[in-house]
Amino acid sequence: MNKQKSLILIIVVFVVLVGTSACSVKRFAMKQVADALTAPGGSTVFTGDNDPELVGDALPFAIKMYETLKTSLPNHRGLQLVTGSLYVMYANAFLQTPAGMLTEDEYEKQEFLYKRAKNLFLRGRDILLNALDKKYPGFLKRLNNKQLKEAVKPVKKEDIDLLYWAGAGWMGAFSIDPFDMEIGITLPRAAALMEKVKELNPNYGAGAIDDFYILYYGSLPEYMGGDIKLARRHFEKAVKLAEGKSGGPYLSMATTISIKNQDHEEFKALLKKVLKIDPEADPENRLVNTLNRRKACWLLKHIGDYFLLDEEDEEETEECK
């Protein structure tokens, strides 16, 4: 039975279980469903799809299904991870990214989507942080008291995904609202999570950690720790680790450093490299590369929104026609 059919069967069982009254039987069955839904590789049903609209329509139901199960099984690590990470993914791919591609005339809709994205980034982050705190009592207290090394020290490699997605959600919320100093001053905590991920697995996500640091050092002002040289250094590492299978590092550099330096030639060159990435080169991440290509095309078509250009500097890219 393929993954899609298995997922449909699990959803049917889940719906039946919600109405079941025998507590012990219901709890046992729910755990079986939760284990099946959160088994390694299950997420590729979403991440490996080539139709963003299909995934975007399906994710809200899937997230709430996971959250319902998590309410009944609050200590199920797989549900904590999947629920939290899906909130972060959904906020980024289907709220923040579309919001950034709206016109000035759609300002109210854009603000609405940004607020939703920020809320869901933080919701996902908090689910993941609470999962870490349950497993490592005192984790959150030490993190909030700026005892960063002490907070992450006991976290084991098996919980690396919790660390990564919590840090990604934290950075995502800040990227939407960089004037929110309440979040801004806490970003070193997100960086501490990523440093631990790097310590446990330097090659995690084929450059995902370095991609995070491109945004981290590229987005922050210097007085808060921003550093263009460090951002470029992490960009080079991310590109090397991705082995030509991800447009993420190019997109991150273009939307941070290139714009900050008002270097439109670098901006165009980086985005054209995104368009050269074949989504089929990495089937498990087909969705994100498809979305990256869409965003790169939109940015190239709207380059005048970010740079003062002469008309001859604006061009239509063949891949975006």
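Residues numbered from 1 in each chain as written. Predicted model: local features only at pLDDT ≥ 70, side-chain atom pairs only at ≥ 80, totals over all residues. Heavy atoms only, no water.

> Could you give me a rundown of the overall build of the chain, with the residues and numbers involved?
Looking only at helices and strands, the chain features 16 helices and zero strands. When contacts within the chain are restricted to residue pairs at least 6 apart in sequence, those whose partners lie at least 24 apart make up 65%. As presented, the chain carries roughly 16,700 Å² of accessible surface, and 54% of it is formed by carbon and sulfur atoms. (Helix = DSSP H or I, 4+ residues; strand = E, 2+ residues; numbered from the N terminus. Contact = heavy atoms within 4.5 Å. Areas by Shrake-Rupley, 256 points an atom, 1.4 Å probe, with all protein chains shown as cover.)

> Summarise helix H14 (residues 248-260); cite the residues concerned and give the values.
The end-to-end C-alpha distance of H14 is 18 Å, a good match for the 18 Å that 13 residues give at a rise of 1.5 Å each. Burial runs high along H14: 10 of the 13 residues are buried. The secondary structure elements touched by the buried residues of H14 are helix H12 (208-219), helix H13 (228-242), helix H15 (264-275) and helix H16 (286-301). Within two residues after H14, Gln262 carries a phi angle of roughly 50°, on the positive side. (Expected span 1.5 Å × (residues − 1). Buried < 20%, exposed > 50% of the residue type's maximum accessible area, 1.4 Å probe, protein only.)

> Give me the nonpolar core: which residues, what numbers.
In this structure, Phe139, Leu193 and Tyr216 are the most contacted members of the largest nonpolar core, which totals 91 residues. Top element by residues in this core is helix H5 (residues 77-100). It accounts for 12 residues. Excluding residues within four positions of it along the chain, Tyr216 makes contact with Met171, Leu187, Pro188 and Ala191. (Core = buried A, V, L, I, M, F, W, Y, C linked by side-chain atoms within 4.5 Å.)

> Please provide a residue-by-residue account of the environment of Leu79, values included.
Here Leu79 lies in helix H5. A relative accessible area of 0% means that Leu79 is categorised as buried. It is 6.3 Å that separates the C-alpha atoms of Leu79 and Tyr66, two residues lying 13 residues apart in sequence.

> Could you give an account of the environment of Asn201, with specific residues and numbers?
With respect to the element layout, Asn201 can be found in the loop between helix H11 (187-200) and H12. For Asn201, a relative accessible area of 24% translates into the label partly exposed. The spacing of Asn201 and Lys157 is 44 residues in sequence and 7.9 Å in space, taken between C-alpha atoms. Residues in contact with Asn201, not counting those within four places in the same chain, are Lys157 and Ile160.

> Requested: an account of a nonpolar patch on the surface, with residues and values cited.
On the surface, Met181, Ile185 and Tyr223 cluster together to form a nonpolar patch covering roughly 370 Å² of accessible area. Assignment of secondary structure puts Ile185 in the loop between helix H10 (181-184) and H11. Given a relative accessible area of 60%, Ile185 falls into the exposed group. (Patch = residues over 30% accessible without salt bridge, like charges linked within 9 Å, V, L, I, M, F, W, Y side chains within 5 Å. Salt bridge = Lys/Arg side-chain N within 4 Å of Asp/Glu carboxyl O.)

> Which residues make up the side chain of Gln80, and what are the values?
Looking at the element boundaries, Gln80 is found in helix H5. Relative accessible area serves as the criterion here: at 6%, Gln80 is assigned to the buried category.

> Tell me about the pattern of salt bridges, and please be specific about residues and values.
For the coordinates displayed, the defined rule picks out 12 salt bridges. Notably, a salt bridge pairs Arg77 with Asp159, separated by 2.7 Å at the nearest N-O pair. Here Arg77 is found in helix H5, whereas its partner Asp159 is found in the loop between helix H8 (148-152) and helix H9 (160-176), with 82 residues between them in sequence. A relative accessible area of 0% means that Asp159 is categorised as buried. Between Arg286 and Glu280 there is a salt bridge whose closest N-O contact spans 3.1 Å. According to the relative accessible area criterion, Glu280 is partly exposed, its value standing at 45%. Here the salt bridges share partners, and the residues they tie into one network are Arg77, Lys135, Glu158 and Asp159.

> Kindly report on the packing of aromatic side chains, identifying the contributing residues and their values.
Throughout the structure, instances matching the rule amount to 11 aromatic pairs. Arranged with centres 5.2 Å apart and planes meeting at 80°, the rings of Phe212 and Tyr213 form a pair that is edge-to-face. When sorted by exposure, Phe212 lands in the same class as Tyr213, which is buried. Each residue in the set Phe212, Tyr213, Tyr216 and Tyr217 is aromatic and connected to the rest through ring pairs, giving one cluster. The ring of Trp170 has Arg125 sitting right over it, with the charged end atom 4.6 Å from the ring centre. (Phe/Tyr/Trp six-rings, centres within 6.5 Å; stacked < 30°, edge-to-face > 60°. Lys NZ or Arg CZ within 6 Å of the ring centre and 35° of its normal.)

> So, the packing of H5 against H9: which residues are in play, and what are the values?
Running from amino to carboxyl end, H5 crosses H9 at an angle of 30°, the nearest separation of the two axes being 10 Å. Judged by the inter-axis angle, H5 sits roughly parallel to H9. Every pair of crossing elements has a handedness; the one defined by H5 and H9 is left-handed. Here Arg77, Leu81, Ser85, Val88, Met89 and Gln96 of H5 lie close against H9, whose contacting residues are Asp161, Leu162, Trp165, Ala168, Gly169, Gly172, Ser175 and Ile176. (Axes fitted to C-alpha atoms, helices over the stretch in contact; angles between N-to-C directions. Parallel < 35°, antiparallel > 145°, perpendicular 65-115°, else oblique. Left-handed = near helix turned anticlockwise from the far one by under 90°.)

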